[in-house]
Amino acid sequence: MAAARQAVTEARRIVVKVGSSSLTTAAGGLDADRVDALVDVLAKSRSGGEREVVLVSSGAIAAGLAPLGLRRRPKDLARQQAAASVGQGLLVARYTASFARYGIRVGQVLLTSDDMSRRSHHRNASRTLDKLLAMGALPIVNENDTVATDEIRFGDNDRLAALVAHLVHADLLVLLSDIDGVYDGDPSRPGTSRIAEVRGPQDLAHVEIGSAGKAGVGTGGMVTKVEAARIAAAAGIPVVLTSTVHATDALSGGDTGTYFHATGKRSADRLLWLQHASTPQGSLTLDDGAVRAVVQRRMSLLPAGIAAVEGEFSAGDPVELRDGAGHPVARGLVNFDAKEIPQLIGRSTRELARELGPSYEREVVHRDDLVILHP
């Protein structure tokens with residue numbers, strides 16, 4: 001086990017995600033003692049200057065429940081946004097005061113899924129996070145629940161944490177909550193045991209993963225945590241998934257929680273965003289030849305290979321590429337507006353350039369802006 005977690009002890013840039021249930025009471029409102037306990041661990045991990053920490057923190061909506069007289073997390077978006085508006089200020093103020101005990105400055109970074117799927121936006125996010133770290137600050141990242149809509153929400157901060165870990169080129173992702181790891185069954189039942197290591201999807205193939213907890217203040221659960229771990233591991237980042245009370249052991253390489261080995265290599269930032277954070281604004285149906293060219297030969301999508309177009313989108317938006325049966329096979333950033341596509345369908349770029357001008361002699365989706373969706 002010690003050798004398996006060597007990557008943990010060698011990690012120099014770490015993203016730590018903490019869930020709402022670890023920071024608040026079930027009735028809503030921040031628990032100052034819990035926040036301070038987490039900050040104690042993170043400050044100690046940073047001591048000596050050898051490690052950098054980015055904190056992805058849930059808790060804004062939960063922190064705003066009690067001040068607004070709400071007993072549970074509301075289901076409607078408008079009241080969620082109101083609670084986030086009140087709670088985000090309380091959350092960051094609490095972190096600011098707690099980290100100040102160690103002379104650590106914090107910087108707030110609020111993101112939406114739209115920030116991640118648009119290249120210019122995620123470049124800005126990357127620069128901001130890198131500069132905060134270079135200046136010795138500790139970034140605190142959260143989804144911008146105040147303005148996010150149903151269409152552009154991450155849905156949970158676990159996935160956001162995996163994407164942020166890739167964005168900042170982290171050496172390790174630590175997912176903290178009130179759950180101390182992945183179990184091979186319901187952990188409340190006798191006879192189940194913690195799964196110490198996951199080397200690939202096959203290790204969890206026969207494990208039933210539970211959903212959100214009982215506290216009612218968060219949106220995630222083991223499902224979202226395992227999915228986040230898989231995203232990070234596939235991008236070359238090892239993951240430790242455990243409970244917040246075991247945070248010290250998790251950051252020091254101790255035998256706690258579930259350790260996900262890195263299973264893949266790092267890809268371009270925008271491709272990870274495109275696959276896991278973007279929301280397709282429309283779809284393009286491909287003929288059989290184009291499906292083979294895109295999926296098997298990893299080529300760009302040309303107008304000649306398009307059979308149909310759906311949705312309303314602008315150049316630069318993410319779109320889904322489908323086969324003739326309607327199954328999604330890829331996702332990419334389109335180079336034309338939806339209203340332009342019909343006149344391009346089935347035609348060669350040379351023909352389009354002669355008729356419409358040289359700006360039409362290009363790919364509809366370039367291979368560098370395209371990801372294959374594996375089943």
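Residues numbered from 1 in each chain as written. Predicted model: local features only at pLDDT ≥ 70, side-chain atom pairs only at ≥ 80, totals over all residues. Heavy atoms only, no water.

Peer 1: In this structure, what is going on with the overall build of the chain? I would like to understand it.
Peer 2: Helix and strand counts for the chain come out as 12 helices and 13 strands. Looking at the 375 residues of the chain, the share that counts as buried comes to 52%. A sequence separation of at least 24 residues applies to 73% of the contacts in the chain between residues at least 6 apart. Carbon together with sulfur atoms contributes 48% to the accessible area of the chain, which is approximately 16800 Å² in total. (Helix = DSSP H or I, 4+ residues; strand = E, 2+ residues; numbered from the N terminus. Buried < 20%, exposed > 50% of the residue type's maximum accessible area, 1.4 Å probe, protein only. Contact = heavy atoms within 4.5 Å. Areas by Shrake-Rupley, 256 points an atom, 1.4 Å probe, with all protein chains shown as cover.)

Peer 1: Help me out: how do you make sense of the sheet that holds strand β9 (residues 282-286) in this one?
Peer 2: In a beta sheet, neighbouring strands pair by backbone hydrogen bonds and run either parallel or antiparallel. The strand order across the open sheet formed by 5 strands is β10-β9-β11-β12-β13, and the pairing between neighbours is mixed. Of all the strands in the sheet, just β10 (306-311) and β13 (370-372) have a single pairing partner and so form its edges. On average, adjacent strands in this sheet sit at an angle of 25° to one another, irrespective of strand direction. By the bridge criterion, 3 bridges tie strand β12 (residues 328-333) to β13 in an arrangement that is antiparallel. In the strand pairing of β13, R331 is matched with V371. Along the sheet, helix α11 (residues 288-296) contacts β9, β11 (318-322), β12 and β13; its crossing angle with β9, the most-contacted strand, is approximately 110°. (Pairing = 2+ DSSP bridges. Axes fitted to C-alpha atoms, helices over the stretch in contact; angles between N-to-C directions.)

Peer 1: Help me understand the packing of helix α7 (residues 157-167) against helix α8 (residues 222-234), please; the structure alone is not making it clear to me.
Peer 2: Between two packed helices, both the angle of their axes relative to each other and the distance between the axes serve to describe the pair. Where α7 meets α8, the axes come as close as 8 Å, and the angle between the chain directions of the two elements is 10°. With respect to their mutual orientation, α7 and α8 come out roughly parallel. The handedness of the crossing between α7 and α8 is right-handed. Each of D158, R159 and A162 in α7 lies in contact with α8, whose residues at this interface are T224, K225, A228, I231 and A232. Of the residues that constitute the contact of α7 with α8, the class distribution is 4 nonpolar, 1 polar and 3 charged. (Parallel < 35°, antiparallel > 145°, perpendicular 65-115°, else oblique. Left-handed = near helix turned anticlockwise from the far one by under 90°. Nonpolar A, V, L, I, M, F, W, Y, C, P; charged D, E, K, R; others polar.)

Peer 1: Looking at this structure, I do not really get the packing of helix α2 (residues 32-46) against helix α4 (residues 77-100). What am I missing?
Peer 2: Two elements in contact, α2 and α4, have axes separated by 9 Å at closest approach and are oriented at 50°. The angle between α2 and α4 falls in the class oblique. For the pair α2 and α4, the crossing hand works out as right-handed. Of the residues in α4, those touching α2 at A32, V35, D36, L38, V39 and L42 are R94, Y95, S98 and F99.

Peer 1: Explanation requested: the environment of I61 in the structure shown.
Peer 2: Looking at the secondary structure, you find I61 in helix α3 (residues 60-65). Take I61: its relative accessible area is 3%, and that puts it in the buried class. When the C-alpha atoms of I61 and A82 are compared, they prove to be 8.1 Å apart, with 21 residues separating the residues in sequence.

Peer 1: Sorry if this is basic, but what is going on with unusual backbone geometry here?
Peer 2: Among all residues except glycine, the phi angle is most often negative; among peptide bonds, the trans geometry is most common. A positive phi angle, close to 55°, is found at H169, a residue other than glycine. Inspection of the secondary structure assignment puts H169 in the loop between α7 and β5 (172-177). The exposure class of H169 is partly exposed, given its relative accessible area of 45%. Phi at R298 takes a positive value of approximately 55°, unusual for a residue other than glycine. Its place among the elements puts R298 in the loop between α11 and β10.

Peer 1: Just to check I follow, could you spell out the sheet that holds strand β8 (residues 258-260) for this structure?
Peer 2: Across the sheet, 8 strands lie side by side as β3-β4-β2-β1-β5-β7-β8-β6; this open sheet has mixed pairing. The open sheet is flanked by β3 (106-111) and β6 (197-198), the only strands paired with a single partner. When strand β1 (residues 13-18) meets strand β2 (residues 52-57), the two strands line up parallel, connected through 6 bridges. Note that in β2 the partner of V15 across the bridge is V54. The sheet contacts of α2 involve β1, β2, β4 (138-143) and β5, and relative to β2 the element is tilted by about 155°. Relative to β3, α4 is tilted by about 155°, and along the sheet it contacts β1, β2, β3 and β4.

Peer 1: Would you explain the pattern of salt bridges in this entry?
Peer 2: Side chains that differ in sign of charge can pair as their charged atoms come close. Enumeration over the complete set of coordinates arrives at 14 salt bridges. Across the salt bridge formed by R79 and D76, the nearest N and O atoms sit 2.7 Å from each other. Residue class for R79 comes out partly exposed when judged on its relative accessible area of 44%. Here D76 falls in the partly exposed class, since its relative accessible area comes to 31%. Here R347 makes a salt bridge to E351, at a shortest N to O gap of 3.1 Å. In the salt-bridge network here, residues are joined through shared partners; they are D36, D40, R94 and R101. (Salt bridge = Lys/Arg side-chain N within 4 Å of Asp/Glu carboxyl O.)

Peer 1: Would you take a moment to explain the packing of aromatic side chains for this structure?
Peer 2: Note on aromatic pairs: each is described by the distance of the centres and the angle between the planes. Within this structure, the stated rule accounts for 2 aromatic pairs. Aromatic side chains F336 and Y360 sit 5.6 Å apart centroid to centroid with 20° between the ring planes, which places their arrangement in the stacked category. Of this pair, F336 sits in the loop between β12 and α12 (349-356) while Y360 sits in the loop between α12 and β13, and the two are 24 residues apart along the sequence. Directly above the ring of F336 sits R362, whose terminal nitrogen or CZ lies 4.4 Å from the centroid. (Phe/Tyr/Trp six-rings, centres within 6.5 Å; stacked < 30°, edge-to-face > 60°. Lys NZ or Arg CZ within 6 Å of the ring centre and 35° of its normal.)

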